[in-house]
Amino acid sequence: GAGDIRLMVKAQFANGHTEESPGGGAMAIVLEGIFPSGDDERWQGDGWRFAPKLVIDGVSVPGHRFSFDFGYTFRREIEINGLTVGGTFDWGFAAHFTSQYVDVIPEVRGSLVVGAADLGLEESPIEAGITLRVMPIRQLAIQAGASAGAFQGFGAPDLRVIFGASWLQEPDQD
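As the structure is a computational prediction, the values presented were derived from the model and not from experiment. (Residues numbered from 1 in each chain as written. Predicted model: local features only at pLDDT ≥ 70, side-chain atom pairs only at ≥ 80, totals over all residues. Heavy atoms only, no water.)

J.: Sorry if this is basic, but what is going on with the pattern of salt bridges here?
T.: Pairs can form between side chains of opposite charge whenever their charged atoms are close. Taken as a whole and judged by the stated rule, the model has five salt bridges. Here Glu 32 and Lys 53 are joined by a salt bridge, their closest N and O atoms 3.9 Å apart. Note that Glu 32 is positioned in strand β2 (residues 24-35) and Lys 53 in strand β3 (residues 49-59), a separation of 21 residues in sequence. For Glu 32, a relative accessible area of 6% translates into the label buried. Take Lys 53: its relative accessible area is 22%, and that puts it in the partly exposed class. (Salt bridge = Lys/Arg side-chain N within 4 Å of Asp/Glu carboxyl O. Helix = DSSP H or I, 4+ residues; strand = E, 2+ residues; numbered from the N terminus. Buried < 20%, exposed > 50% of the residue type's maximum accessible area, 1.4 Å probe, protein only.)

J.: Just to check I follow, could you spell out the sheet that holds strand β7 (residues 88-96) for this structure?
T.: Read from one edge of the open sheet, nine strands run β1-β2-β3-β4-β7-β8-β9-β10-β11, paired in antiparallel fashion. A strand with exactly one partner marks an edge of an open sheet, and here the two such strands are β1 (5-15) and β11 (160-167). Neighbour to neighbour, the strand axes of the sheet diverge by 20° on average, direction disregarded. Where strand β4 (residues 65-75) meets β7, nine bridges bridge the pair, whose relative direction is antiparallel. (Pairing = 2+ DSSP bridges. Axes fitted to C-alpha atoms, helices over the stretch in contact; angles between N-to-C directions.)

J.: Please clarify how the packing of aromatic side chains should be interpreted in this entry.
T.: Aromatic rings considered in pairs are described by the distance between their centres and by the relative angle of their planes. Counted by the stated rule, this structure contains six aromatic pairs. Between Phe 35 and Trp 48, the aromatic rings sit 5.3 Å apart at their centres with planes inclined by 90°, giving edge-to-face as the arrangement. Of this pair, Phe 35 sits in strand β2 while Trp 48 is found in the loop between β2 and β3, placing the two residues 13 residues apart along the sequence. According to the relative accessible area criterion, Phe 35 is partly exposed, its value standing at 32%. The exposure class of Trp 48 is exposed, given its relative accessible area of 60%. Aromatic side chains Phe 66 and Phe 97 sit 6.0 Å apart centroid to centroid with 85° between the ring planes, which places their arrangement in the edge-to-face category. Placement of the pair is Phe 66 in strand β4 and Phe 97 in the loop between β7 and β8 (103-113), with a sequence separation of 31 residues. Within the aromatic cluster, the residues linked to one another by ring pairs are Phe 50, Tyr 72, Phe 74 and Phe 89. (Phe/Tyr/Trp six-rings, centres within 6.5 Å; stacked < 30°, edge-to-face > 60°.)

J.: Help me out: how do you make sense of the pairing of β8 in this one?
T.: Two faces make up the sheet, and in a regular strand the side chains alternate between them. As paired elements, β7 and β8 share seven bridges and run antiparallel to each other. Within the sheet, the bridge partner assigned to Trp 91 lies in β8 and is Gly 110. When β8 meets strand β9 (residues 126-137), the two strands line up antiparallel, connected through eight bridges. Bridging across to β9, Arg 109 finds its partner in Glu 127.

J.: For this particular structure, what's the right way to read the pairing of strand β10 (residues 140-151)?
T.: Relative to β10, β9 is paired through ten bridges, and the arrangement is antiparallel. Bridge assignment links Glu 127 to a residue of β10, and that residue is Gly 149. Hairpin geometry of β9 and β10 is characterised by an intervening segment of two residues between the two adjacent antiparallel strands. With eight bridges connecting them, β10 and β11 associate as antiparallel partners. From the neighbouring strand, Gly 145 faces β11, where its bridge partner is Ile 162.

J.: I'm lost on the environment of Val 9 in this one. Help?
T.: Relative to the elements of secondary structure, Val 9 occurs in strand β1. Sequence-wise, Val 9 and Gly 33 are 24 residues apart; in three dimensions their C-alpha atoms are separated by 8.8 Å. Look past the residues within four positions of Val 9 in its chain and what remains in contact with it is Ile 29, Val 30 and Leu 31. (Contact = heavy atoms within 4.5 Å.)

Purely geometric stuff here, so don't read any function into it on its own.
See the structure below:
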């Protein structure tokens, strides 16, 4: 079944990649709210969460991107099979390869349980996945992907399927 719903807002505050000077770096803040809609009893939901993160991008001349993100997830403390989980430090790495028709985005992301008695695989899940993105019109991005837990810590799925749509703001021409 479906898990919790995520809503993200991204605000870019630095960008060295422009049409006049392609390539360079960029930085953004992402604010993510996770709203309970999944079934907690079937491990498909986890209650309300808030996850701010810093994203650092590097853009190559043909427009490919490499991104790192670091953040923290605020959540109520819960117990999962003897593991107490509260807030987590989160990290991720993604590459974004662009082409004329479809973008390919492989990524790896993980978490570390804050305050865990030890940091074994159970307390530090890692997930790997791939997403395909198409842009049927200039401002609309539609993506579909899948991922799986590389190490089966808490929250790492056997399989996660992802669908999304993004509306990209046109740059102001003034």
